[in-house]
Amino acid sequence: MQTASTVLMVEPIAFGYNSQTAENNYFQVEQKEADIQEKALQEFNNFVGKLRDKGIKVITVKDTLEPHSPDSIFPNNWVSFHENGRVALYPMFAPNRRVERRADILDTVRNEGFKISEINDLSAPENEDKFLEGTGSMIFDHDHKIAYGSVSLRLDEELFRDFCDEFGYTPVVFHSFQNVGNQRLPIYHTNVMMCVAEQFVVICLDCIDDELEREKVQEVIKSTEKEVIEISEDQMHQFAGNMLQVQNEEGTQFLVMSETAYKSLTKEQIEKIESYCEIIYADLNTIEVNGGGSARCMLAEVFLPKN
């Protein structure tokens, strides 16, 4: 199944700009205002409300003050929950993000009626400066058992291929870049330039500079018979690639994104998406600017079987 009907979200308690992740996340901008946490919490609660109003099950867990983890609002990077009962824990680039891996969060998911049969702790390579940041760095086509991965400091190609071997996915490896000043630098997470839904793919092909790699990605998508909805690099900078398709408990599908992303889309792009599913969008500006992540990053899908 491509779309989950349950998502895990982590409520911020001390959200803010993370200088450790800003080293290679070029979406981040530090705001000096005093009420960043207050604004982020308001955006978080509004977003959760919009999802629940559509019948999507949201499991929320509060962050902790100690140890301080300013990016805990983005749980999809450290954990993934799979339909065979497996849970994967990932090696994280920023030392202050490694503390986000919390056993009590897994207990909360269990207490919501989900079965965890095996926990695969894949985090050891972070001690050798090798990283694979979950569904930030890997985009899954679950139905076709394909995983797309753009190589960066946050996606080590060897770890990516090892993961795909272990979890039964075919890896599609490529490199994507963005303009930063007058430089062309690697995109930190694949999920800011690509979203795979059940019947379509939103992708910024302009970010894949190598022509052969770009053609290969297009060929693989074509083989899955999904429609390609292409976004520009400017739209990608507005988080238009950072989307996630989910469904409610009745099976109705939605594409979730931020208001920034939605406003960047053309009328034609919106119509194409809405021919497949309804759009849910929320104002996440404070979270986007300071955290450098958007709607998709805030959602960890729960595909686990029920007890």
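Below is a summary of the structure that appears in this document. Since the model is a prediction, treat every value here as computed from it, not as a measurement.

Some words on the pattern of salt bridges
Step number 1: Counted under the stated rule, the structure contains 20 salt bridges.
Step number 2: One salt bridge connects Glu-133 with Arg-154, and the closest N-O pair in it is separated by 2.9 Å. Of the two residues, Glu-133 sits in the loop between β5 (118-121) and α4 (134-137) while Arg-154 sits in the loop between β7 (146-150) and α5 (157-167), which places them 21 residues apart along the sequence. Taken as a pair, Glu-133 and Arg-154 share a single burial class, namely buried.
Step number 3: When salt bridges that share partners are traced, they join Arg-86, Glu-118 and Glu-166 into one network.

A few points about the sheet that holds strand β8 (residues 170-174)
Step number 1: What the 3 strands build is an open sheet, ordered β6-β7-β8; its pairing is mixed. The two strands at the open ends of the sheet, each matched to only one other strand, are β6 (138-141) and β8. Ignoring which end each strand starts from, the neighbouring axes of this sheet average 20° apart.
Step number 2: In this fold α5 packs onto β6, β7 and β8, with an angle of close to 160° to the strand it touches most, β8.

A word on the packing of aromatic side chains
Step number 1: As enumerated under the stated definition, the model contains 7 aromatic pairs in all.
Step number 2: Pairing Phe-200 with Tyr-276 gives two aromatic rings, centres 5.2 Å apart and planes at 25°, and the pair type is stacked. Of this pair, Phe-200 sits in strand β12 (residues 200-203) while Tyr-276 sits in the loop between α9 (267-274) and β16 (278-282), placing them 76 residues apart in sequence.
Step number 3: Phe-200 sits in the buried class, given a relative accessible area of 0%.
Step number 4: You can call Tyr-276 partly exposed: its relative accessible area is 27%.
Step number 5: Through pairs of rings, three or more aromatic residues link up here, namely Tyr-90, Phe-140, Phe-163, Phe-167 and Tyr-169.
Step number 6: Against the face of Tyr-281 rests Lys-50, its NZ or CZ located 5.4 Å from the ring centre.
Step number 7: Its end group placed over the ring of Phe-167, Arg-86 keeps NZ or CZ at 4.0 Å from the ring centre.

Details of a negative patch on the surface
Step number 1: On the surface, Asp-210, Glu-211, Glu-215 and Glu-219 cluster together to form a negatively charged patch.
Step number 2: Structurally, Glu-219 can be placed in helix α6 (residues 211-223).

Section: the sheet that holds strand β1 (residues 6-11)
Sheets are built from strands that pair by backbone hydrogen bonding, the pairs being arranged parallel or antiparallel.
Step number 1: Judged by pairing direction, the sheet is mixed, and its 3 strands sit side by side in the order β2-β1-β17 without closing on themselves. Both outer strands of the open sheet, β2 (57-62) and β17 (300-301), are each paired with one neighbouring strand and no more.
Step number 2: Bridge count for β1 against β2 is 6 bridges, and the pairing is parallel. Looking across to β2, one finds that Glu-11 is bridged to Lys-62.

What to know about the nonpolar core
Step number 1: Counting 37 residues, the largest nonpolar core has Tyr-148, Met-193, Met-194 and Ile-203 as the members making the most contacts within it.
Step number 2: Among the elements of the structure, β7, β8, β11 (194-196), β12, α6, β15 (253-258) and α9 are those that each provide at least two residues to this core.
Step number 3: When residues in this core are grouped by element, the largest group, 4 residues, is from β12.
Step number 4: Membership of the second largest hydrophobic core comes to 25 residues, among which are Phe-15, Ile-36, Val-48 and Val-256.

Observations regarding the environment of Thr-108
Step number 1: Note that Thr-108 resides in helix α3 (residues 103-111).
Step number 2: Each C-alpha atom of the pair Thr-108 and Val-61 lies 7.8 Å from the other, and the pair is 47 residues apart in sequence.
Step number 3: When near neighbours in sequence (up to four residues on either side) are disregarded, Thr-108 contacts Ile-59 and Val-61.

Remarks on the side chain of Asp-63
Step number 1: Here Asp-63 lies in the loop between β2 and β3 (79-81).
Step number 2: Of note is the side chain of Asp-63, whose polar atom sits 2.7 Å from the side chain of Ser-72.

Scoring rules and cut-offs
Residues numbered from 1 in each chain as written. Predicted model: local features only at pLDDT ≥ 70, side-chain atom pairs only at ≥ 80, totals over all residues. Heavy atoms only, no water. Salt bridge = Lys/Arg side-chain N within 4 Å of Asp/Glu carboxyl O. Helix = DSSP H or I, 4+ residues; strand = E, 2+ residues; numbered from the N terminus. Buried < 20%, exposed > 50% of the residue type's maximum accessible area, 1.4 Å probe, protein only. Pairing = 2+ DSSP bridges. Axes fitted to C-alpha atoms, helices over the stretch in contact; angles between N-to-C directions. Contact = heavy atoms within 4.5 Å. Phe/Tyr/Trp six-rings, centres within 6.5 Å; stacked < 30°, edge-to-face > 60°. Lys NZ or Arg CZ within 6 Å of the ring centre and 35° of its normal. Patch = residues over 30% accessible without salt bridge, like charges linked within 9 Å, V, L, I, M, F, W, Y side chains within 5 Å. Areas by Shrake-Rupley, 256 points an atom, 1.4 Å probe, with all protein chains shown as cover. Lys, Arg positive; Asp, Glu negative; His and termini not counted. Charge placed at Lys NZ, Arg CZ, Asp CG, Glu CD. Core = buried A, V, L, I, M, F, W, Y, C linked by side-chain atoms within 4.5 Å. Polar contact = N/O pair within 3.5 Å; in protein donor to acceptor, adjacent residues only side chain to side chain.

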